[in-house]
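Structure at a glance
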Amino acid sequence: MSLSIVIPLLNEEESLKELYDWIASVMRSNRFSYEVIFIDDGSTDGSWEIITRLAAENEQIKGIRFLKNFGKSQALHAGFRQASGDIVVTMDADLQDNPEEIPELVRLIEEEGYDLVSGWKKKRYDHALTKNIPSKLFNWAARRTSGVKLHDFNCGLKAFRKEVIKTIEVSGEMHRYIPVLAKNAGFSRIGEKVVRHQARKFGKTKFGADRFINGFLDLITIWFVSKFGKRPMHLFGALGVLMFIIGSGFALYLGIDKLFINPTGRLLSERPQFYIALTAMIIGTQFFLAGFLGEIMVRSKKNEPRYTVSGEINLVPRVKEYSS
C-alpha cells in the first residue's frame, strides 16, 4: 500500500459519493495503490449508510464509526492507527479540499525528502470577517509561538510519512497543531504547498467562531506541554522557589528590623511586608507541590480510551495494545 487517505467527517452524506469518485479518479490516473479510511465522528444523518454502501462496492474503502461525536482529533487518531500506506494524506469530507493536489504532495515527500507537507489555502472562499481574518491572526500566533513557519495550520489537506503519524499522539483538539507535534517529535523536514480551496457545495461548516478561542487555548497548552510536559517541576518548581525566596527575603527583613533596628516599632502583623512575605511563601509552596504532583502524574499516567468505536468496515485486525 503506497497511500492511505484519512478522512474524518460529521454529517456529510451529500458529499461522500462525489468525494470518493473524485479521489478514485485521481488515484487511477496516477496509478497509486491506495486505501480510503472514512471516520464517521458520530454523524446523525445517513453518512454511515453511504460509507457502508461504498465499501461494499470498493475494497479500497474502509470505515470507522464512533458511537458519538468525539471530535476531529480523535477521528484522526483512529484513522492514523489503521493507516497502512507509506504516505498518509488527510483531507476534509466537505469537498473544499481538492484531491487533485494529492500527487504533488506525495511527490514532495518522495522526491524532496519532506516528513510532512501542509496545504496552504492562500485564496479562500470563506467569509472574511468570521473566518479569514481570525484565521490569519491565529496562524500568526501559532507561527510565533511554535517556531513552525506555516501560513495555514488549519488546512485539513496534509501529507505525512508513515513514521510521522505512527509517532505523534493526536489528542484533545490538537489536530490543528499536528505540524508542531511532528516538530516536537523530531521530524524537522516540514514543508508547505499552496493548494486550491473549493467553495462549500453542500451543508454548512461544523466549526463556529469558538474554534479560534479554543485554538488559542490549545496553542498555550501545546507550548507548555512541548517545553515542560515531561518535566513540570522545571516550571512549577522554579516559580515555587522564586516565590519562596521573595517571601523569605521579606521575612528576613522584618525579623532583622524588629530584633535589631526598630524593636519598639509596629507589630509585625500591622506591616504590609508581613502579608507579602506570608502570601509569597504560601504561593511558592503551592507551586512547588504542583510541580511535584505533576512529576508523579507524568511517571504514573496510563493511556485511557478517548473514543468508542461502534462499527468498522474492511479493517485489518490490530493487536490489542496495553500500557504499563
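Located above this text is the structure these notes cover.
Residues numbered from 1 in each chain as written. Predicted model: local features only at pLDDT ≥ 70, side-chain atom pairs only at ≥ 80, totals over all residues. Heavy atoms only, no water.

Some details on a positive patch on the surface
Taken together, the side chains of Arg144, Lys149, Lys183, Lys227 and Arg231 present a region of like positive charge at the surface. Looking at where Arg144 falls in the secondary structure, it is placed in helix α5 (residues 128-146). Owing to a relative accessible area of 61%, Arg144 belongs among the exposed residues under this scheme. (Patch = residues over 30% accessible without salt bridge, like charges linked within 9 Å, V, L, I, M, F, W, Y side chains within 5 Å. Areas by Shrake-Rupley, 256 points an atom, 1.4 Å probe, with all protein chains shown as cover. Salt bridge = Lys/Arg side-chain N within 4 Å of Asp/Glu carboxyl O. Lys, Arg positive; Asp, Glu negative; His and termini not counted. Charge placed at Lys NZ, Arg CZ, Asp CG, Glu CD. Helix = DSSP H or I, 4+ residues; strand = E, 2+ residues; numbered from the N terminus. Buried < 20%, exposed > 50% of the residue type's maximum accessible area, 1.4 Å probe, protein only.)

Description of the sheet that holds strand β6 (residues 158-161)
With mixed pairing, eight strands are arranged side by side in an open sheet as β7-β5-β6-β4-β1-β2-β3-β8. Unpaired on one side and paired on the other, β7 (190-194) and β8 (309-313) mark the two borders of the sheet. Strand after strand, the sheet turns through a mean of 15° between neighbouring axes, direction not considered. Sheet analysis places strand β5 (residues 116-120) next to β7, joined by five bridges and oriented parallel. Residue pairing across strands places Gly119 opposite Lys193, the latter belonging to β7. (Pairing = 2+ DSSP bridges. Axes fitted to C-alpha atoms, helices over the stretch in contact; angles between N-to-C directions.)

Structural notes on the pairing of strand β1 (residues 3-9)
Taken across its seven residues, β1 has seven buried, putting it largely inside the fold. Covered by surrounding structure in β1 are Leu3, Ile5, Ile7 and Leu9 together with Ser4, Val6 and Pro8, the residues of both alternating faces. Across seven bridges, the pairing between β1 and strand β2 (residues 34-40) is parallel. Looking at the pairing, Val6 lines up with Ile37 of β2. In terms of strand pairing, β1 meets strand β4 (residues 87-90) through four bridges, oriented parallel. In the sheet register, Val6 faces β4, and the bridge partner there is Thr90.

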